[in-house]
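# Observations on the three-dimensional arrangement
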Amino acid sequence: MAELIGENLYRLDIPLPESPLKNLNSYLIKGERNLLIDTGFRQEPCRRAMAEQLSELRVDMDRTDLFLTHLHTDHTGLAQELLRPGCRAMLSEVDVPLLIHSQSEAYWQDNFDAYLKEGFLRTELRELWGDNPAWDIHPVPFSGYTPVRDGAELRYGGYRLKCLLTPGHTPGHMCLYEMDKKMLFCGDHVLYHISPNITRWRSMPDALGSYFKSLELVSALKVETPLPAHRAVEGGFRERVAQLRAHHESRLQNTLDQVGRAPGQTAYEIAGGMDWDIRCRSWEDFPLTQKWFAVGEALSHLDYLVVRGRLLYREAEGIRRYFPASDQV
Ligand SMILES: [Zn+2]
């Protein structure tokens, strides 16, 4: 059921089966033209929930533009199906080329090679992806997005939304800020109950550093109504931003301690030694997709420390190993 949460503003609850995120909050602003923010996966349960709630609200899709907070498939998956001629599917100009590139085999091969170098097991990568991962993830490549610039303003149903580039979770992640109503459509930049995954991107070599800057940016805004893309809100916005920062600070310390205790580990081994919010007896028992996310998260912390000269890495036989910076020879 869609929920009225403000003037002309609805929250659509889209289930994400088999994802630890549980649901997607899609937001709809009704007006002369409507704006639908984020879509859910290109999967039947999402498609059905979206169709039911749009029809419940009698939304005319011929007058509905889409705004996608970032390139991830739980936000963009249904865009192509929902988009009608003469309407726009807006996405930040940074994420548009990345999303199109991520539909290619070359993109996944590049990731495959990078994760092998960081110690991921070849057998596990094969099991995770088979021979051609790109087709599983993006069954129908689509490129009809309208690129949006940082600072652009959108007007729908009495809302004046400023597009804020908030890189970190993805290089081109955007939040929408309604200054007069003190509302922030957060996408996956600030979530409650879960911390947004921060991983390494080829085009964003210091993802965690970028994320920290983007947290500062939204922390300086007056936000009374945060509208996250997953789950519910709990507690104050600034407090949550501070908690997210503290979470990563303690993980950075944990990474430094681990490398200090046992220099020469790979990112894969370091990720295995971290604490994760997942019910598994051991690192070996982690579902492979969760291992993939965990190694990505460890990499963003390792990169942050390498960029700031607190750790270094050496490569031998195609494998990268991490050492305290004091080990310099
Ligand atoms: Zn995401």
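What counts, and at which threshold
- Residues numbered from 1 in each chain as written.
- Predicted model: local features only at pLDDT ≥ 70, side-chain atom pairs only at ≥ 80, totals over all residues.
- Heavy atoms only, no water.
- Helix = DSSP H or I, 4+ residues; strand = E, 2+ residues; numbered from the N terminus.
- Rg over C-alpha atoms; globule rule 2.2 N^0.38 Å.
- Buried < 20%, exposed > 50% of the residue type's maximum accessible area, 1.4 Å probe, protein only.
- Contact = heavy atoms within 4.5 Å.
- Lys, Arg positive; Asp, Glu negative; His and termini not counted.
- Charge placed at Lys NZ, Arg CZ, Asp CG, Glu CD.
- Domains from an automatic or database assignment.
- Buried area = accessible area lost by both parts, 1.4 Å probe.
- Salt bridge = Lys/Arg side-chain N within 4 Å of Asp/Glu carboxyl O.
- Polar contact = N/O pair within 3.5 Å; in protein donor to acceptor, adjacent residues only side chain to side chain.
- Pairing = 2+ DSSP bridges.
- Axes fitted to C-alpha atoms, helices over the stretch in contact; angles between N-to-C directions.
- Donors = N, O, S within 2.8 Å, 3.2 Å for Na, K, Ca; no water.
- Tetrahedral: all angles 85-135°; square planar, octahedral: opposite > 155°, others 65-115°.

- Within an unreviewed UniProt entry, the label attached to the protein chain reads MBL fold metallo-hydrolase, and the organism entered is Oscillibacter hominis.

## Re the overall build of the protein chain
- Each helix and strand in the protein chain was counted, giving 11 helices and 14 strands.
- Expected size for 329 residues packed as a compact globule is a radius of gyration near 20 Å; at 20 Å, the protein chain falls within 12% of this value.
- The principal-axis extents of the C-alpha atoms in the protein chain amount to approximately 65 × 45 × 35 Å.
- In the protein chain, which comprises 329 residues, the proportion classed as buried is 51%.
- Sequence separation of at least 24 residues holds for 66% of the intrachain contacts in the protein chain that already meet a minimum separation of 6.
- The centroid of the 38 positive side-chain charges in the protein chain is displaced by 3 Å from the centroid of its 46 negative side-chain charges.

## Points about the domain arrangement of the protein chain
- Split into domains, the protein chain comes out as domain 1 (3-103 + 145-234) and domain 2 (105-136 + 262-327).
- The straight-line distance from the C-alpha centre of domain 1 to that of domain 2 is 28 Å.
- Across the boundary between the two partners, domain 1 contributes 17 residues, which contact 21 residues of domain 2.
- Ranking the residues of domain 1 by area buried against domain 2 places Arg200, Asp206 and Leu208 at the top, with a combined share of 36%.
- Along the contact surface separating domain 1 from domain 2 lie four salt bridges.
- For arginine 202, the salt bridge identified is with aspartate 110, shortest N-O distance 2.5 Å.
- Taken together, the links from domain 1 to domain 2 amount to nine residue pairs in polar contact (both at pLDDT 80 or more).

## What to know about the sheet that holds strand β8 (residues 153-156)
- Spatially, β8-β9-β10-β11-β12 is the arrangement adopted by the five strands of the open sheet, whose pairing is mixed. The outermost strands of the open sheet, each flanked by one partner alone, are β8 and β12 (225-228). Between one strand axis and the next, the sheet turns through 25 degrees on average, direction left out of account.
- Both strand β10 (residues 174-178) and strand β11 (residues 183-187) contribute to a ladder of three bridges, which runs antiparallel. Counted as the bridge partner of glutamate 178 is methionine 183 from β11.

## Description of the coordination of the zinc ion
- The protein atoms donating to the zinc ion are His70 (NE2), His72 (ND1), His169 (NE2) and Asp188 (OD), with metal-donor distances spanning 2.2 to 2.3 Å.
- Around the zinc ion, the four donor atoms are arranged such that angles at the metal cover 85 to 173 degrees; this shape is classified as irregular.
- Mapped onto the sequence, the donors of the zinc ion take the spacing H-x1-H-x96-H-x18-D. Highlighted residues: histidine 72 in the loop between β5 (64-67) and α2 (73-76) and histidine 169 in the loop between β9 (159-165) and β10, separated in sequence by 97 residues.
- Using a relative accessible area of 6% as the deciding quantity, one classes histidine 169 as buried.

## Re the side chain of glutamine 265
- Looking at where glutamine 265 falls in the secondary structure, it is placed in the loop between α9 (237-261) and α10 (267-272).
- A residue is classified by how much of its surface remains accessible, and glutamine 265, at 14% relative accessible area, is buried.
- Engagement of the side chain of glutamine 265 in a polar contact is seen with the backbone oxygen of glutamine 258, the distance being 3.3 Å.
- Within the structure, glutamine 265 has its side chain in polar contact with the backbone oxygen of alanine 262 (distance 3.2 Å).
- Discounting chain neighbours no more than four positions away, the residues touching glutamine 265 are Gln258, Val259, Ile270, Arg320, Arg321 and Tyr322.

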